[in-house]
There are 2 protein chains.
Amino acid sequence: MMACRLPVQAAGPLRFSLPSVQLRGQQTLGSASTPLARHAVRHAWALSEERLVEVEWEDGGHSQYPFTWLRDNCQCPKCFLASAEARTLLLSDVDINIGIDAVEVTDDSKVSIVWPDKHTSVFDAEWLKKRCFSAAARQALQEDLFLNERYYWDSKLRVPTADFEEVLRDDKAALDWLLALRRVGIVYLKGAPTERGQVARLAERIGYLRLTFYGHTWQVQDKHMANNVAYTSEMLNVHTDYPALHFAPGVQFLHCIMQAAEGGESQVVDGFHMAEQLQREDPEAFRMLTSLRVDYTDKGTDYCDFNLQSKTFTIK
Amino acid sequence: MMACRLPVQAAGPLRFSLPSVQLRGQQTLGSASTPLARHAVRHAWALSEERLVEVEWEDGGHSQYPFTWLRDNCQCPKCFLASAEARTLLLSDVDINIGIDAVEVTDDSKVSIVWPDKHTSVFDAEWLKKRCFSAAARQALQEDLFLNERYYWDSKLRVPTADFEEVLRDDKAALDWLLALRRVGIVYLKGAPTERGQVARLAERIGYLRLTFYGHTWQVQDKHMANNVAYTSEMLNVHTDYPALHFAPGVQFLHCIMQAAEGGESQVVDGFHMAEQLQREDPEAFRMLTSLRVDYTDKGTDYCDFNLQSKTFTIK
């Protein structure tokens, strides 16, 4: 008899942003909803004293970029590997007190800089605009990168639902599922076949399963000499899975293959909501749970022998 | 032609302790070196006002344990699942203002507590002694759990070495290897066969490889349209691998199969040593690098399509 439980708190670490997610062959979610407008540079000049390059945009706006930052971010093939979108310029080759020989706007609206050693850097207008240091531009970039829209919920939540097979088949359905998962933290996928292997199918749709010492997947069922309280038929405390792991799962998939004849109800709680409420109602308790490291242990034998010892905050 | 490089900083996150490691069929490293002495309880009584149970040990020492903590940690089969070494007692069933009906020392030197609802908890003397709340006992437990011995090194380091096949074959050699790896952060294993697959053999000796979007293992060699600067023949900046991952690898294995005819030298730096030095020499820079989150991006196609965006501290 397999009991379906979903007593898992679906919250990732509070302090970290989740990555943007890419569907196979699709544009990223991060950029999907925010097409960039085109920008053009009207003028560009050096402010020698401040060691900044100032750019005036066609719309009249201004942006400033530090000399050193520009040299460090040179996009030429010698300094930057386009296929990896990564710098190759050695840090030891950057003069952090660098000056500038010349700045000009090219015919195709790029900013060209000649450095004292005659090395030339050419920056695309869109590239510069996206990296403008103004508070508003930085805020916009963060929103674009991290999909910050969140919904913290309580018992009034109606769990978002989607169709399992549709998510597997249709890119739009998959995108909607992921956006809801990102925003709410839990989505109920209906209509999965009642046989093993569906968790892997779902994972492969968007990436891959992360192996832990409980295996790539595991069966939540009543087991003799259970190495985890989840493998019993007793009611569980509301909990966050894998607290002993330094790297707790960001998302877990639970597949109900057979509902228990009796019991087996699932409870889910929004840890972000609780943390926010606790911070408001009992700041001292919140401070303690976010600043005092406690010891976590997990040991036993499953996919392999394991004996994990870690020390971390209760809320992080 | 494959170039062997090892420009990787072998440091894990500074703030977290690494888990203790268990060899298949061996006792844990954590407890291997610190056999516990036997302890016996002479007396035990309740301090009702302070809501503490005080224990007097045969050696004359004293320990105190809060009522609520004792009830919460009841080891009876109703409250605790021995096979999982985990609580089953529901938090909602714990009265945090609980009193005590009776405390006594049993004939076999255990502390027995009867609670107001007549539930009885029996605590083993060793179990209690190990969890004594005194500063000294807590320090000793932390040392026991986390193998805190570390060696921070500079260019004078002589990299510890071990024999690859011996580590695979002999448990004592494997333990020595892991202890050195834990203490220094880098160990040079000599004598591995010059064919692929050795990294997996070594990983399976102590656990399993962690999958990332670069695959279970990857070939560090010059590649056309490289999706990572490591896949070029250029000199690399000293770097920490996978900064964009929320969960950077704790340990990396690099296997030199073929040495480049020219170049291919490896550079390793102790990040802990550098962080400590920076904190001493430039506290403001250290404060900035440990408190200002910066954006990391990694995108491309390898084991799967990936487009990772994260935001974290440069030093953590």
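Everything numeric here is computed off the predicted structure, so don't read it as measured data. (Residues numbered from 1 in each chain as written. Chains lettered and ligands numbered in written order. Predicted model: local features only at pLDDT ≥ 70, side-chain atom pairs only at ≥ 80, totals over all residues. Heavy atoms only, no water.)

## Notes on the overall build of chain A
Moving on, step 1. Regarding its fold elements, chain A presents 9 helices and 12 strands.
Moving on, step 2. For chain A, with 316 residues in total, the buried portion stands at 41%.
Moving on, step 3. Contacts spanning at least 24 positions in sequence make up 60% of the contacts within chain A whose residues lie at least 6 apart.
Moving on, step 4. When the accessible surface of chain A is totalled, it reaches about 17,500 Å², and 52% of it is carbon and sulfur. (Helix = DSSP H or I, 4+ residues; strand = E, 2+ residues; numbered from the N terminus. Buried < 20%, exposed > 50% of the residue type's maximum accessible area, 1.4 Å probe, protein only. Contact = heavy atoms within 4.5 Å. Areas by Shrake-Rupley, 256 points an atom, 1.4 Å probe, with all protein chains shown as cover.)

## What about the side chain of D241(B)?
Residue and element names in this part refer to chain B.
Moving on, step 1. Along the chain, the position of D241 falls in the loop between α7 (198-206) and α8 (271-281).
Moving on, step 2. D241 sits in the buried class, given a relative accessible area of 18%.
Moving on, step 3. Separated by 2.9 Å, the side chains of D241 and H239 make a polar contact.
Moving on, step 4. A distance of 2.9 Å separates polar atoms of two side chains, one belonging to D241 and the other to Q252. (Polar contact = N/O pair within 3.5 Å; in protein donor to acceptor, adjacent residues only side chain to side chain.)

## Comments concerning the interface of chain A and chain B
Moving on, step 1. Taken together, the 56 residues of chain A in the interface contact 56 residues of chain B.
Moving on, step 2. Counting the contacts that link chain A with chain B gives 2 salt bridges.
Moving on, step 3. When the shortest N-O distance is used, the salt bridge between K299(B) and E85(A) registers 3.8 Å.
Moving on, step 4. Between the two partners, chain A and chain B, sit 10 residue pairs in polar contact (both at pLDDT 80 or more).
Moving on, step 5. Of all the secondary structure elements, the ones that give two or more residues to the side of chain A that touches chain B are β5 (86-87), α4 (135-146), β11 (293-301) and β12 (305-313) of chain A.
Moving on, step 6. Ranked by the residues each element gives to the side of chain A that touches chain B, the list is headed by β12(A), at 8 residues. (Salt bridge = Lys/Arg side-chain N within 4 Å of Asp/Glu carboxyl O.)

## Examining unusual backbone geometry
Moving on, step 1. Positive phi is not limited to glycine here, since E85(A) has a value of about 50°.
Moving on, step 2. Tracing the sequence through the fold places E85(A) in the loop between β4 (80-81) and β5.
Moving on, step 3. Of note in the backbone geometry, S109(B) takes a positive phi value of approximately 65° without being a glycine.
Moving on, step 4. Looking at the secondary structure, you find S109(B) in the loop between β6 (102-105) and β7 (111-114).

## Observations regarding the packing of aromatic side chains
Moving on, step 1. Following the criterion strictly, the structure yields 27 aromatic pairs over all chains and no others.
Moving on, step 2. With 6.2 Å between their ring centres and 65° between their planes, Y65(A) and F133(A) make a pair best called edge-to-face. With Y65(A) in strand β3 (residues 62-66) and F133(A) in the loop between α3 (125-130) and α4, the pair connects residues that are 68 residues apart, well separated along the chain.
Moving on, step 3. Here Y65(A) falls in the buried class, since its relative accessible area comes to 1%.
Moving on, step 4. Summarising the aromatic geometry, the rings of F213(B) and Y214(B) are spaced 5.3 Å apart at their centres and angled 55° between planes, so their arrangement reads as tilted. (Phe/Tyr/Trp six-rings, centres within 6.5 Å; stacked < 30°, edge-to-face > 60°.)

## Some thoughts on the UniProt feature "domain: TauD/TfdA-like" (unreviewed entry) in chain A
Moving on, step 1. Mapped onto the present numbering, the UniProt feature "domain: TauD/TfdA-like" (unreviewed entry) falls on residues 161-300 of chain A.
Moving on, step 2. In this annotation, residues 161-300 of chain A is assigned 35% helix and 10% strand; the end-to-end C-alpha distance for the span is 36 Å. (UniProt positions renumbered as here; feature names shortened; annotations may be inferred.)

## Quick notes on the relation of the copies chain A and chain B
The operation linking the two copies of the chain is a rotation about an axis combined with a translation along the axis.
Moving on, step 1. Under the fitted operation, chain A is carried onto chain B by 0.0 Å of movement along the axis and a turn of 180°, and the coordinates agree to an RMSD of 0.1 Å. Overall, the copies show the geometry of a two-fold rotation axis. No C-alpha of chain A lies nearer the rotation axis than that of F247(A), which sits 2.9 Å from it.
Moving on, step 2. Both copies share a contact surface, since 100% of the interface residues of chain A are interface residues in chain B too. (Least-squares fit on C-alpha atoms with pLDDT ≥ 70 in both.)

## Considerations on the pairing of β11(A)
All names here are of chain A.
Moving on, step 1. Across 9 bridges, β11 lies against β12 in antiparallel orientation. Directly across from D295, in β12, lies its bridge partner K311.
Moving on, step 2. In this antiparallel pair of consecutive strands, β11 and β12, the connection spans 3 residues. (Pairing = 2+ DSSP bridges.)

## Structural notes on the domain arrangement of chain A
Moving on, step 1. Along its sequence, chain A is organised into domain 1 (41-134) and domain 2 (161-313).
Moving on, step 2. Put simply, the middle of domain 1 of chain A and the middle of domain 2 of chain A, counted by C-alpha atoms, are 45 Å apart. (Domains from an automatic or database assignment.)

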